Each structure stands twice: as C-alpha cells, then as structure tokens.
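# Coordinates in review
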Amino acid sequence: MGAVVVEQRGHVLVIVLNRPQIMNAVDGEVSAGVGAALERAEADREIRAVVLTGAGERAFCAGADLKAIGRGESILAAGHEHWGLAGYVRHPISKPTIAAVNGFALGGGTELVLASDLAVATETATFGLPEVARGLLAAAGGAFRLPEQLPRKVAMEMILTGESISAARALDYGLINRVVPAGGALDAALELAGRIAANAPLAVQASKRLAMGLVDGRLADDDAWEHTDREIATVAMTEDVREGLLAFAQKRTPHWQAR
C-alpha cells in the first residue's frame, strides 16, 4: 500500500495517512494522495463526509517529514502546492471533514485538526505546535487558526512555549468534539460522519460554506496565509532554524543566536 489509503464506506470517504513507521509524517506523496482524495470527495455526489486518520495507534500525524526536507524534497503536492501541507490545510471543500486522532498530533498534525470541521481523539492523543523549539513557526495555519479556535491566552501559551496539551484539555477548550478510548477514534468519527450523512447533503454543504465563509472553493483568510508565507520565508533563512533542526536531530538543547 502507498503513503495514503483511501476507502469509501457508504457515504463517507476515509483517508488514512499510511506511514506509521515515522508517525505518519507528511511528504510529497502524502500531500498528493490526500489532496486527490479531497478532490474526489468534492466531485462525487455520493460522498457526504470525509474522515482523515492515521495508520497505527501511536500517531495521527507528527507533521512534516523533516528528513525529506533535509534531502531537499518538497513535502507539498507537485503542481498543487496551493493545497498546503498534506494537500489539506489550504484545500477547503464543501463536504464536512472530520479528523480521527489516534495518538500524537503535533505540529502539522495539530494543523490538520485545526483545518478539519470536526475532530474526535483517543484518550492518549496529544496536541501541540512545537515549531518554536526547532527555530520554526507553525506555518501550516496553526499560528493564526489556534487563536481563532481556542481561548486566546491558551493558544498563545501553546504557540509561544511549544508545549503540548492532552486530549482531555483539548476537549475542554473545544479543539476537539469528543474523547474516546484507545482504538476508538475511527469508529467515533464514522458514527459522527454517519449522522451528518443522514441529513440533506446539499443543505449540509451550503451550511458549511456559510459557516466557514467558503466562496468558490476559497476561505476568507488569504491575508493570514500571505502574512504566514512572508514570516516563514524570513525565519527559514536564519541561523537559528538550522541550529534548531540540527539540535533536534542530535537530541540536544539548541543554542539560539537570534540571527
């Protein structure tokens, strides 16, 4: 099987990030596969909801594949870079999307949750944006979506410290819809998707477009993305980002120079 597995279950399209050996980290193949699945979902009248999950019980998604980046590879979908990380974070569709979080959802994993309409998670799931500890920033939507979806002070603490929160705290803050026992995330997401799919599909899709400000396949957050792109382009050229990634690979404390 490839890096992404797609299965239709009734009116629900299930997308599985299938790289459990590296905690379902995102590379170009993942971004292309997920993005193509979303296009399929949007075009198929029989599909009324989408569930995104990760293979295995250890991790939903650990974010970008840093080794692929280190090799000079793009982690975006070739020819569809505008879809963003995992072909998902900048790829809104009218069909409701649900993240089924089974384990770690760090960095880009949390950003996938933020980009989803709904989310369920196992008791062992954790969420966080640790990018600042690597000399980076949460450039796949996390830096502006987290303060939109959580209490601002809580979101700012997570963004500025890089520290993670448990599934229980994520539920309290409204980042996710429910917490389920280990191994139950996909079933819970499918149950929720089934309740959505039982409703009139065109009414559901129109409701989502209105709620999300989705017009002609675009969200009203272009300014935030443009600002993010400028900031990450600047940060990516610093000595600190090189030190952060090297320290992470060497499992040591980074020595920041602020340059």
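Residue indices follow the written sequence of each chain, beginning from 1 at its first position. It should be noted that, the model being predicted, local features are given only for residues of pLDDT at least 70 and side-chain atom pairs only at 80 or more, the latter also being counted only at that level, while totals for whole chains, interfaces and linings use all residues. As a convention, hydrogens and water are excluded, and side-chain values are obtained from all of the structure's heavy atoms.

### Points about the packing of aromatic side chains
As a reminder of what qualifies: Any Phe, Tyr or Trp ring, taking Trp's six-membered ring, that has another such ring centre within 6.5 Å forms a pair; planes under 30 degrees apart are called stacked, those over 60 apart edge-to-face, and the others tilted. Elements are defined by DSSP. Helices are runs of H or I of four residues or more, strands are runs of E of two residues or more, and each kind is numbered from the N terminus. Think of it in three bands: residues with accessible area under 20% of the maximum for their type are buried, residues over 50% are exposed, and the middle band is partly exposed, with areas taken using a 1.4 Å probe on protein chains only.
Under the counting rule described, the total for this entry stands at one aromatic pair. Arranged with centres 5.1 Å apart and planes meeting at 90°, the rings of F144 and W225 form a pair that is edge-to-face. Residue F144 is found in helix α4 (residues 142-149), and its partner W225 is found in helix α9 (residues 222-235); the two are separated by 81 residues along the sequence. Summarising the burial analysis for this pair, F144 and W225 share the class buried.

### Focus on a nonpolar patch on the surface
Quick reminder of the rule: Candidates for patches are residues over 30% relative accessible area with no salt bridge; among them, like charges are joined within 9 Å and nonpolar side chains (Val, Leu, Ile, Met, Phe, Trp, Tyr) within 5 Å. Accessibility throughout is a Shrake-Rupley quantity obtained with a 1.4 Å probe, and a residue counts as covered only by protein chains that appear here. Criterion for a salt bridge: a side-chain nitrogen of Lys or Arg within 4 Å of a carboxyl oxygen of Asp or Glu.
Where nonpolar side chains cluster on the molecular surface, the patch consists of L66, I69, L245 and F248 and spans about 300 Å² of accessible area. For the nonpolar patch, the secondary structure elements donating two or more residues are α2 (66-70) and α10 (239-250). Looking at where I69 falls in the secondary structure, it is placed in helix α2. The class of I69 is partly exposed, set by a relative accessible area of 38%.

### Notes on the pattern of salt bridges
Considering all chains together, one arrives at ten salt bridges under this definition. The partner of R19 in a salt bridge is D65, and the shortest N-O contact between them spans 3.1 Å. Of the two residues, R19 is situated in the loop between β2 (12-17) and α1 (28-43) and D65 in the loop between β4 (59-61) and α2; the sequence distance between them amounts to 46 residues. On the accessibility criterion, R19 (12% relative accessible area) is buried.

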